[in-house]
Amino acid sequence: MIATENETYQEQHATFQLQFSPAWLVELRQRGFDAFTRLGIPTKTLEDWRFTNIAPLVRRPYALASLAHSDDETTNDEIKALVQQATLDEEFHRLVFINGRYSDEWSLMHDLSVGVVIDNLGNAICDHPSDVQTLLASDHKLDDSTFAALNTAFINDGAFIDIPDGVVLDRPVHLVFLSIGSNHTVSHPRNLIRVGKHSKAHVIESYLGHGDAYFTNAITQVTLEESAELDHHKLQHEQVGALHIALTGVDQRTSSRFRSHYFSFGASLARNELNCVLDGEQIETTLNGLYMPKGDQLMDCRTRIDHAKPHCKSYELYKGILDDRAKGVFNGKIFVHQDAQKTDAKQSNQALLLSDDAVVNTKPQLEIYADDVRCTHGATIGALDEDALYYLRSRGVPAELARKILIFAFANDVVQGVELPAVRRHLESVLLSGHELSEDILSRRT
Amino acid sequence: MTSENTLLEEFVQREYAHGFVTDIEADAIAPGLSEDVVRLISSKKNEPEWLLQWRLKAYRHWLTLEEPNWHNVKYPPIDYQASIYYSAPKQRPKLNSLDEVDPILLETYEKLGISLHEQKILANVAVDAVFDSVSIATTYRETLEKHGVIFRPFSEAVHDHPELVKKYLGSVVPYSDNFFASLNSAVFSDGSFCYIPKGVRCPMELSTYFRINAQNTGQFERTLIIAEEGAYVSYLEGCTAPKRDENQLHAAVVELVALDDAQIKYSTVQNWYPGDAEGKGGIYNFVTKRGACRGQNSKISWTQVETGSAITWKYPSVILQGDNSVGEFYSVAVTANHQQADTGTKMIHIGKNTKSTIISKGISAGVGQNNYRGEVKMMKGATNARNFSQCDSLLIGDRCGAHTFPYIEVRNSTAKVEHEASTSKVGEDQIYYLRQRGLSTEDAVNMIVNGFCKEVYDLLPMEFAVEARKLLSVSLEGSVG
C-alpha cells in the first residue's frame, strides 16, 4: 500500500520537477521528497500520531491541485463568494492563493514603504533568490515530519513577506488560501515571513475552500530579528470534508515578540503544529488558540516552545469546545534547555465537553533541564459550570440561551486577545452565528 | 555559587549509608533464562501444574515482546541471559520464633534500623521479611489468623489457598500486560499474599521488607492483596539494599483487588542502592503496580516515597470499576546523582461518580532526571467522575531535569478533570528568610523540601513518615540550589 502511494507521488514529483526552476530549488525539493519517502505515512504507533489516525485519510494519494480556470463562470462565482467571505477589511493588503498558486486577479495590494517586500514566493524565487534560500533553510524541525517533507518536495508558491529593519507596517497583510473545484487534490503553500530589527507587522492567514476531500498541506516559516514584533493570526475555515495539515515554525531572536492567534473551525481533520524557538534573551511569546470541532471533526493542536536562552517568557492558552462526536487533541510541550535560566513559562489548556460522544485527549508536557525557572501548566476538562447556569437562569435567562452565553463567553476569552478589530469582529460574528446568538450580547457588555 | 558547589560535591560524594553485604551462602541457579529455568523455579517451589503452565505462557509471551523504549530514562541494554533468576538462602528451616533466625540476617536488619524485635514489640506490626527471594520468618500470623486474615509468603499461599490464588493471580495485571510484568510472571520467586475476609478490618498494619542481597540476582516479587466486601487493610512496603557494583534488575508486580466497600492502603518507602557518584551500579527498578476497585464504594490509595534505585520505572494505577470508587496516588520521588525516575500513575475511571486524586512531588538534584508520567482516562460510562492532579517539581542544581508528561483522555461530558503542574527551584528568598532566623543553609533547604512534601508525608503511617523524612534529608544533604 505504501508502495503505491509512493509510486503515485513519485510520478507526480517527477513531472513537477520538469518545470523550469533554479538548480538549488530542484535539489531542495528532491531532498524533501527523499525525506518523505524515508519517513512514510505516520501510523498511530508513533507517539506524535497516537490520537490522530491519519493513515486512512491519505491512503488514496491526492493529485496535485491544478490552476483554477477563472474564465469558467461557475468557478469564478465560487472564488468571488469565497474571497468575499474571507475579506476582513478592504484596507488590508490581500494576497489570494487559489489551489496553492498566487492569483493576481483577486489580490489587492496597497502602496508599500521602501524596502518592504510583500510578494508571492514564485516571484520572490526569481527576484530575491538568496533571501528565499536563507529563509527556506532555517530549521523548523521540518526534517522530522512526513507532511513537511512533502510540502518541501512540492515547493512552488506561497507568500513571501520581507520587512526590513525599523519599519512598522502600516496595514496588516491578509493571506487568503482557497481550494476550488478540487477532487481529491492537494496544495502545498509555503509562506516565508521575515521581520527585521525593531520592525512590526500583523499577518493573517485564512484557509477556505469549496468542494470536498481536498487537502491543504501548508508551512509558514517565520523569522523575527532583534526586537521585531509579529502578530500572527490563523483562521482555519476549511470546508468540512477537507484535510488540513499545517506547520508554523518561528525563529525568534533577542527581545522579539511573537503573538499567535489560532482559530480552528473547519476541515474533517485539522492538525496544526506550531513550533517556536526562543533563541535569544528577553523574548516574549504568546500562543492563543481556540478549536471548536463538532460533527465528526478531529482537531489536533500541537505546540512546542523551545526556551534555548535565559530570561524569556512564554504564555500559552488553548481552549477547545467539543460537540457531537468530535475529537480534540492538544499536545503542548515546553522545553527548557540547560542554559535557559530565569525562564518563565505558563501553559493552560481548557476543554469544554458538550457531548458524551466527544473525546478529548490532552497532553501538556514540561521538559526542563535548567533549575532557575518558573514553569507551570494546567489542564482542565469538563462540562459547563452548573452554578453559572443556575445564576443566569435565576435571572430569567432561558436554559438554552444561558448555555449559549456561557459557551460564547468561554470562547470569547481567546478572541479578546486579538488586537486587530476587524479580525475580532469577524471571530465574534462566527461565534455568534455558530450559536445563533444575536449581536445584542456584545452590545450589552460594559 | 562556589559554596553551593562545595556543598553539592559533598553531597555527591556521600556513600550509600546502607551499603554492606550479608555473607550467607545462597542457593542460586546458573545465570540465564529459558523454559528450563522457568520449570526449575517452579519445581524448586513445588508448584502445582497450573501455575507452571501459567508461568510458561507468560514466558512464551515475553519472548514476543520488546523492551519498552518510550520512557525518558537511559540505561545500557540489559542482558537478560546474564541474570540469575532464582536464589534462596541455603538454610531454610521452618522457624517458630525469631530466635531461630540466622543471627547474621538479624544483624543485617539491625544495621538497617528495622529490627524485627523492635518492630514486633513497639509497632505492633506483623513483618513478613523477604530476604532475597524466600521468606525467613513471619510474625503475628496467629493474631491475624484469628481474624481470618491470610497473610503469608506467596509460595505458601499457592499450597494453602490455591483457589484464591488461582482466582486472582493475573486478574489485575495479566501475564501479557507489559514486558516487565511478563518477565515477572514467568520467573517470580516469591512475594506476599494477603486476603482480608468480608467485613474484617485488619487488626494491624501489614508490612514486608524487601531486600536484595545475593549479587547478580534479579528479584521478581509478586504481591497479591485481596480485600473482600467491607474489608480494610493498610500494607507497608519498605526497601533498602546493600551496595553493589553491577546493576541489579528488579521487576516486581503488585496486584490489589478491592471489592464492595473495601479499602486498601498501600504505602511504599523505596531506598534501594542508587549507584555511586558516577552513576555506576544501582538497582533497576521496573515495577508494575495496579489496583482494581471492583466493588462499589471501594477505595485504593497508593502512597510512595521513592529515594533509591538508579532507575525507577513504576506507575501504580487504579482501575475504578465500581460506582463511587476512589483512587488516590501520593508520591514523593527524589533523584540525585545519576538517578533517573520515570514514575506516575494511571487512573482509569469506568464507574459512575468515581473520584481520583493525584499528588506527585518530584525533587531533582545533581544530574538526576525526574519524570512524572501519568494518565487519567474518563471512559464513556464515568458519569460525574472527577479527577484532580497536581504535579510539582523542585529543582536543586543546574544540571538536573524535571519533566512532566500527563495524558488526559475524556469521553464523558459530565466528567471533570483538573491537572496542574509547576516546576521551580528552591527559592533564594525562602532560604534567605530562614537563614536570617538562624538556620543553616542545609537546615533551611531541608525544611523547605520537607514542607514541599508534607502533603504526602502526612498520609504515610507514622513510623514510615519518620523513616521517609530521615531518608529524604540524607538523600539531599548538602544539595543547596
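Residues numbered from 1 in each chain as written. Chains lettered and ligands numbered in written order. Predicted model: local features only at pLDDT ≥ 70, side-chain atom pairs only at ≥ 80, totals over all residues.

Peer 1: Looking at this model, I keep getting lost on the overall build of chain B. Mind explaining?
Peer 2: Along its length, chain B carries twelve helices and 24 strands. Each of the 481 residues in chain B was classed as buried or not, and the buried ones make up 55%. When contacts within chain B are restricted to residue pairs at least 6 apart in sequence, those whose partners lie at least 24 apart make up 84%. (Helix = DSSP H or I, 4+ residues; strand = E, 2+ residues; numbered from the N terminus. Buried ≥ 20, exposed ≤ 12 C-beta atoms within 10 Å, placed from the backbone. Contact = placed C-beta atoms within 7 Å.)

Peer 1: Where do I start with the overall build of chain A in this structure?
Peer 2: Broken down by element type, chain A carries eleven helices and 21 strands. Computed over its C-alpha atoms, the radius of gyration of chain A comes to 21 Å, within 12% of the 22 Å expected for a compact globule of 446 residues. Based on the C-alpha atoms only, the size of chain A along its principal axes is roughly 70 × 55 × 50 Å. When contacts within chain A are restricted to residue pairs at least 6 apart in sequence, long-range pairs at least 24 apart make up 82% of them. (Rg over C-alpha atoms; globule rule 2.2 N^0.38 Å.)

Peer 1: Explain helix H9 (residues 179-187) of chain B here, please?
Peer 2: Each α-helix turn comprises 3.6 residues. Residues three or four places apart therefore point the same way. All names here are of chain B. Counting buried residues along H9, eight of its nine residues qualify, which places the element largely inside the surrounding structure. For H9, every residue scored as buried is listed here: Phe180, Ala181, Ser182, Leu183, Asn184, Ser185, Ala186 and Val187. In this structure, the buried residues of H9 make contact with helix H2 (35-44), helix H3 (49-64), strand E8 (221-227), strand E11 (253-258) and strand E13 (283-293).

Peer 1: Any chance you could explain the interface of chain B and chain A here in plain terms?
Peer 2: A common measure of how large an interface is: the accessible area buried when the components associate. Residue-level contacts link 32 residues of chain B with 31 residues of chain A. The set of elements that each furnish at least two residues to the side of chain B that touches chain A consists of strand E22 (386-396), strand E23 (401-410) and strand E24 (416-425) of chain B. Split by residue class, the side of chain B that touches chain A holds twelve nonpolar, twelve polar and eight charged. As paired strands, strand E20 (residues 359-368) of chain A and E23 of chain B are joined by six bridges and run antiparallel to one another. Bridge pairing in E23 of chain B places asparagine 361 of chain A opposite glutamate 409 of chain B. (Nonpolar A, V, L, I, M, F, W, Y, C, P; charged D, E, K, R; others polar. Pairing = 2+ DSSP bridges.)

Peer 1: I tried to follow the domain arrangement of chain A on my own but got confused; where do I start?
Peer 2: All names here are of chain A. Here the domain parsing of chain A yields domain 1 (2-279) and domain 2 (394-446). The C-alpha centroid of domain 2 is placed 30 Å from the C-alpha centroid of domain 1. Across the boundary between the two partners, domain 1 contributes ten residues, which contact nine residues of domain 2. When residues of the side of domain 1 that touches domain 2 are traced back to their parent elements, those giving at least two are strand E9 (200-209), strand E11 (229-236) and strand E13 (257-264). (Domains from an automatic or database assignment.)

Peer 1: Help me out: how do you make sense of the packing of helix H2 (residues 23-39) of chain A against helix H7 (residues 146-153) of chain A in this one?
Peer 2: Packed helices, taken two at a time, are described by their axes: the angle between them and the distance between them. Residues and elements named next belong to chain A. H7 packs onto H2 with a crossing angle of 150° between their chain directions and a minimal axis gap of 7 Å. With respect to H7, the axis of H2 lies roughly antiparallel. Note that H2 runs across H7; the crossing there is left-handed. Listed contacts from H7 to Leu28, Arg29, Gly32, Phe33, Ala35, Phe36 and Leu39 of H2 are Thr146, Ala149, Leu150, Thr152 and Ala153. (Axes fitted to C-alpha atoms, helices over the stretch in contact; angles between N-to-C directions. Parallel < 35°, antiparallel > 145°, perpendicular 65-115°, else oblique. Left-handed = near helix turned anticlockwise from the far one by under 90°.)

Peer 1: Can you walk me through the environment of phenylalanine 408 of chain A in this structure?
Peer 2: With respect to the helices, strands and loops of the structure, phenylalanine 408 of chain A is situated in helix H9 (residues 399-415). Taking the C-alpha atoms as reference points, phenylalanine 408 of chain A and leucine 431 of chain A, separated by 23 residues in sequence, lie 6.7 Å from one another.

Peer 1: Just to check I follow, could you spell out H2 of chain B for this structure?
Peer 2: Residue and element names in this part refer to chain B. Within H2, burial applies to Val37, Val38, Ile41 and Ser42. Burial along H2 is one-sided: seen end-on, the buried residues are contained in an arc of 135°. Exposed residues pointing more than 90 degrees away from the buried face of H2 are listed as Asp36 and Ser43. Following H2 by one or two positions, asparagine 46 has its phi on the positive side, about 60°. (Arc of directions from axis to C-beta.)

Peer 1: In this structure, what is going on with the pairing of strand E15 (residues 284-291) of chain A? I would like to understand it.
Peer 2: Each regular strand displays side chains that alternate between the two surfaces of the sheet. Residues and elements named next belong to chain A. Of all eight residues that make up E15, six are buried, and the element is covered over most of its length. Bridge count between E13 and E15: eight bridges; the pairing is parallel. Bridged to serine 264 within E15 is tyrosine 291. With eight bridges connecting them, E15 and strand E17 (residues 313-322) associate as parallel partners. Residue tyrosine 291 lies in a different strand from E17, and its bridge partner there is glycine 320.

Peer 1: Is there a simple way to explain the pairing of E8 of chain B in this structure?
Peer 2: All names here are of chain B. Most of E8 is tucked away: seven of the seven residues are buried. Here E8 shows two buried faces, one formed by Glu221, Thr223, Ile225 and Ala227 and the other by Arg222, Leu224 and Ile226. Both strand E6 (residues 190-196) and E8 contribute to a ladder of seven bridges, which runs parallel. Residue pairing in the sheet places aspartate 190 in a bridge with glutamate 221 of E8. Bridge count for E8 against E11 is six bridges, and the pairing is parallel. The residue of E11 that forms the bridge with isoleucine 226 is valine 257.

Peer 1: Even after reading the chapter, I still don't get the environment of valine 449 of chain B, so can you show me in this structure?
Peer 2: Structurally, the position occupied by valine 449 of chain B is in helix H11 (residues 441-457). On the basis of neighbour counts, which here come to 24 C-beta atoms within 10 Å, the residue valine 449 of chain B falls in the buried class.

Peer 1: Honestly, the packing of H2 of chain B against H3 of chain B in this entry has me stumped. Any pointers?
Peer 2: All names here are of chain B. With their axes 10 Å apart at the nearest point, H2 and H3 run at an angle of 150° to one another. Judged by the inter-axis angle, H2 sits roughly antiparallel to H3. For the crossing formed where H2 meets H3, the hand is right-handed. On H3, the residues touching Glu35, Val38, Arg39 and Ser42 of H2 are Leu51, Leu52, Arg55, Leu56 and Tyr59.

Peer 1: Can you walk me through the nonpolar core in this structure?
Peer 2: Grouped burial of nonpolar side chains is what soluble globular proteins tend to show. With 236 residues, the main nonpolar core has Leu178 and Ala411 of chain A together with Ile196, Ala227, Val233, Leu256 and Ala258 of chain B as its most contacted residues. When residues of this core are assigned to domains, at least three fall in each of domain 1 (2-279) and domain 2 (394-446) of chain A. In this structure, alanine 227 of chain B is in contact with Ile196, Tyr232, Val233, Val257, Ala258, Leu259, Ala262, Gln263 and Ile264 of chain B, ignoring residues within four places of it in sequence. (Core = buried A, V, L, I, M, F, W, Y, C linked by C-beta atoms within 7 Å.)

Peer 1: Looking at this structure, how should I read unusual backbone geometry?
Peer 2: Keep in mind that most residues, glycine aside, have a negative phi and that most peptide bonds are trans. If you check the backbone angles, serine 227 of chain A has positive phi at about 55° while not being a glycine. By the secondary structure assignment, serine 227 of chain A is in the loop between strand E10 (215-224) and E11.

Peer 1: Explain the confidence of the model for chain B here, please?
Peer 2: Residues and elements named next belong to chain B. Of the residues in chain B, 76% reach a pLDDT of 70 or more, and the chain-wide mean stands at 80. A low-confidence stretch, residues 90-94 (pLDDT under 50), is modelled with six contacts involving residues beyond four sequence positions or located in other chains. Within the model, pLDDT remains below 50 along residues 210-217, and this stretch shows 34 contacts once partners closer than five positions in the same chain are excluded. For this predicted complex, the interface confidence reaches an ipTM of 0.82, while the overall pTM sits at 0.84. (pLDDT = per-residue confidence, 0-100.)

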